[in-house]
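Chain by chain, the residues run as shown.
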Amino acid sequence: MLTTVEVPACPRCGDEALLSARVPYGWTNTGGTAVEGRTGFVLCATCDAAAPGAAPLITWFHVHGQVEQEYSEEFVRLLVAWTEQVSVPPLDEHLLETEIELSRRGEL
């Protein structure tokens, strides 16, 4: 069953996003250990129109408006196709260390 959740604003343009999804991802750290997690993505009709896999899902939202209590087979197929195409940029460990240091000093 679908839980109603407020859809966030697109972090790129500020417009209302069509949906928010948590997608699995991972990387290998400098010690050679696999690090796995999930990260959030939003689907924005403006920002993602040309993104691989996004256009059919954006069109689905324009036609249907929102997801009802039961997921349709078509929606699930389009959602999976989109999430398989999103990619998480590689972790910038130098930037991470810089932000950690700024946070420790109370400057972030």
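In the block above lies the structure referred to throughout.
Below is a summary of the structure that appears in this document. Predicted model only: the values in this text are computed from it and were never measured. (Residues numbered from 1 in each chain as written. Predicted model: local features only at pLDDT ≥ 70, side-chain atom pairs only at ≥ 80, totals over all residues. Heavy atoms only, no water.)

### A closer look at the overall build of the protein chain
Let me state the cut-off plainly: By definition, any uninterrupted DSSP run of H or I lasting at least four residues is a helix, any uninterrupted run of E lasting at least two residues is a strand, and each is numbered from the N terminus. Using C-alpha atoms as the atom set, the radius of gyration is obtained and then compared with a globule rule of 2.2 Å times the number of residues to the power 0.38. Three labels apply to residues, based on accessible area from a 1.4 Å probe with only protein chains included: buried if under 20% of the type maximum, exposed if over 50%, partly exposed otherwise in between. The contact criterion used throughout is that any non-hydrogen atoms of two residues lie within 4.5 Å.
Scanning the protein chain from N- to C-terminus turns up three helices and two strands. Helices and strands appear in the protein chain in the N-to-C order β-β-α-α-α. A compact globule built from 108 residues would reach a C-alpha radius of gyration of about 13 Å, whereas the protein chain, at 17 Å, exceeds it by more than 25%. If you line up the protein chain on its principal axes, its C-alpha atoms span 50 × 30 × 30 Å. For the protein chain, with 108 residues in total, the buried portion stands at 19%. Expressed as a percentage of contacts within the protein chain between residues at least 6 apart in sequence, the contacts between residues at least 24 apart total 42%.

### Here's the deal with the environment of Leu-18
Within the element layout of this structure, Leu-18 appears in the segment before strand E1 (19-28). Judged by its relative accessible area of 22%, Leu-18 falls in the partly exposed class. In sequence terms Leu-18 and Glu-99 are 81 residues apart; their C-alpha atoms lie 30 Å from each other.

### Let's talk about helix H2 (residues 73-85)
Residues spaced three or four apart along an α-helix point in a common direction, a consequence of the helix completing one turn every 3.6 residues. Definition in use: How far a helix is expected to stretch is found by multiplying one less than its residue total by 1.5 Å. It is the directions from the helix axis to the C-beta atoms that the arc portrays.
Taking 1.5 Å per residue as the helical rise, H2 with its 13 residues ought to reach 18 Å, and the 19 Å between its terminal C-alpha atoms agrees with that figure. What H2 keeps buried is the set Phe-75, Leu-78 and Trp-82. For H2, the buried positions fall inside an angular range of 70° around the axis, keeping them on one side. Summarising the geometry of H2, the exposed residues directed more than 90 degrees from the buried face are Glu-73, Arg-77 and Glu-84. Buried residues belonging to H2 abut E1, strand E2 (34-43) and helix H1 (54-64).

### Topic: the environment of Leu-95
Within the secondary structure, Leu-95 sits in helix H3 (residues 93-104). When the C-alpha positions of Leu-95 and Ala-51 are compared, they lie 26 Å apart, and in sequence the two are 44 residues distant.

### A short note on a negative patch on the surface
Rules: A patch consists of residues whose relative accessible area exceeds 30% and which take part in no salt bridge; residues with like charges are grouped when within 9 Å of each other, and nonpolar side chains (Val, Leu, Ile, Met, Phe, Trp, Tyr) when within 5 Å. The method behind every accessible area is Shrake-Rupley, applied with a 1.4 Å probe, and residues are considered shielded solely by the protein chains displayed. We count a salt bridge whenever a side-chain nitrogen from Lys or Arg sits within 4 Å of a carboxyl oxygen from Asp or Glu. Counting rule applied: Lys, Arg positive; Asp, Glu negative; His and chain ends not counted. Here the site of a charge means atom NZ of a Lys, CZ of an Arg, CG of an Asp or CD of a Glu.
A cluster of acidic side chains, namely Asp-92, Glu-93, Glu-97 and Glu-99, defines a negative patch on the protein surface. Secondary-structure assignment places Glu-99 in helix H3. Note on Glu-99: relative accessible area 36%, which makes it partly exposed.

### Focus: the side chain of Asp-48
Note the threshold: Whenever two N or O atoms come within 3.5 Å, that pair is a polar contact, provided that in protein one can donate a hydrogen and the other can accept it, and provided that, for residues adjacent in sequence, both atoms are side-chain atoms.
Within the element layout of this structure, Asp-48 appears in the loop between E2 and H1. A polar contact is formed between the side chain of Asp-48 and the backbone nitrogen of Cys-44, at a distance of 2.8 Å. For Asp-48, the contacting residues outside a window of four places in its chain are Arg-12, Val-42, Leu-43, Ala-54 and Ile-58.

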